[in-house]
Amino acid sequence: MQYRRLGRTELNVSAIGIGTWQFGGEWGHAYTQDEADRVLHTAKEEGINFIDTAECYGDHLSESLIGNFLAHDKREDWVVATKFGHQFHSHLNRTDRFDAEHVLTQLDKSLLALKTDYIDLYQFHSGSDEAFDQDDLWTMLSKQVDAGKIRHLGISLNKSNSMHQTTRARSVGASTIQIVYNRLERQPEQEVFPASEADDLGVLARVPLASGFLSGKYKPGVTFADNDVRKRNEGIELDETLKQVEFIQQNEVPADVPMAQWALAWCLRHPAVASVIPGCKDEAQVRSNAQAATLLDADHPLVINK
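Residues numbered from 1 in each chain as written. Predicted model: local features only at pLDDT ≥ 70, side-chain atom pairs only at ≥ 80, totals over all residues. Heavy atoms only, no water.

**Q** Pulling in residues and values, what's your account of the pattern of salt bridges?
**A** Evaluated as defined, the whole model comprises 15 salt bridges. Linking Asp34 and Arg38 is a salt bridge whose minimum nitrogen-to-oxygen distance equals 2.2 Å. Pair noted here: Asp34 and Arg38 are both in helix H1 (residues 33–45), with a separation of four residues, about one helical turn. Accessibility expressed as a relative area gives 46% for Asp34, which makes it partly exposed. For Arg38, a relative accessible area of 34% corresponds to the partly exposed category. (Salt bridge = Lys/Arg side-chain N within 4 Å of Asp/Glu carboxyl O. Helix = DSSP H or I, 4+ residues; strand = E, 2+ residues; numbered from the N terminus. Buried < 20%, exposed > 50% of the residue type's maximum accessible area, 1.4 Å probe, protein only.)

Encoded structure:
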């Protein structure tokens, strides 16, 4: 595994992290504790040390599965990131809650679910610029950093508010940016990445496999279960995306390299990107994702000796 410096946090994170939205049950499968344990144990075996979750992946369900695992592992071996701002109600049904009082309640619930005294990275989760521009929110969070509940603050961007929040990250005490970035969605290269590099913000690339479509295993006409978040993408637009994936697979991916590994390494070749956080359904996918590290160059500017 390759390890990289996560911006001004000075945290050392594995280039391949692990995203855990799937543990919340919205990707077509309800995870048992044993299944989650096997995924996380395998991740550790592969040298992965970075976990990304959120309070709304289930009603703290993903966090709870992770917390039960951490309770029987070495907490200090992991960099744990979670998020705030959305109250889960049911499948893909959330209410935005970014007021300081509610976020403090969310934080305490996340700490309880994760069975930890501190969160390494606590991230504003895809909120509007109006929700972001609340001085009392960031004042409250700063106090939680001082109290030791949070080590670092970050911002998980949505696509409509990227630059407003990116350019104000340091002023609110945030040290990282999380954003959708993959071979199909390259918009962050234009403005977000240069601004992040200028302010030494650690960059986390989410959805690096484009919701699994850059694995190369889905073909036009594919359908998904009703409890799979990808169900909402079905139709002509998805078929066109999958045709683009086929073109990329035929013209850019080396014949002897699995497309998913190539897609992860493709994201990580950008000098701004510290880590990618793909989801994974089982141990086999964890191992396959981790193998993408063998395709990385050692001269990336964020690589550390470990």
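**Q** Go over the packing of H1 against helix H10 (residues 283–290), please, and point to the residues and values.
**A** Viewed as axis vectors pointing N to C, H1 and H10 meet at an angle of 25°, and their least axial separation amounts to 8 Å. It follows from the interaxial angle that H1 and H10 lie roughly parallel. Read as a crossing pair, H1 and H10 show a hand that is right-handed. Touching Arg38, Val39, Thr42, Ala43 and Glu45 of H1 are Glu283, Val286 and Arg287, all from H10. (Axes fitted to C-alpha atoms, helices over the stretch in contact; angles between N-to-C directions. Parallel < 35°, antiparallel > 145°, perpendicular 65-115°, else oblique. Left-handed = near helix turned anticlockwise from the far one by under 90°. Contact = heavy atoms within 4.5 Å.)

**Q** Lay out the packing of aromatic side chains in plain terms, naming residues and giving numbers.
**A** Throughout the structure, instances matching the rule amount to twelve aromatic pairs. For the pair Phe84 and Phe124, a centre-to-centre distance of 5.9 Å together with 80° between the ring planes defines the contact as edge-to-face. Of this pair, Phe84 sits in strand S5 (residues 79–84) while Phe124 sits in strand S8 (residues 119–125), placing them 40 residues apart in sequence. In terms of burial, Phe84 and Phe124 fall into one category: buried. Look at Phe98 and Phe124: their rings are 4.7 Å apart centre to centre, the planes differ by 35°, and that puts the pair in the tilted class. One end of the pair, Phe98, is in the loop between strand S7 (93–96) and helix H3 (100–114); the other, Phe124, is in strand S8, with 26 residues separating them in the sequence. Taken as a pair, Phe98 and Phe124 share a single burial class, namely buried. Sitting over the face of the ring of Tyr118, Arg75 holds its NZ or CZ atom 4.1 Å from the ring centroid. (Phe/Tyr/Trp six-rings, centres within 6.5 Å; stacked < 30°, edge-to-face > 60°. Lys NZ or Arg CZ within 6 Å of the ring centre and 35° of its normal.)

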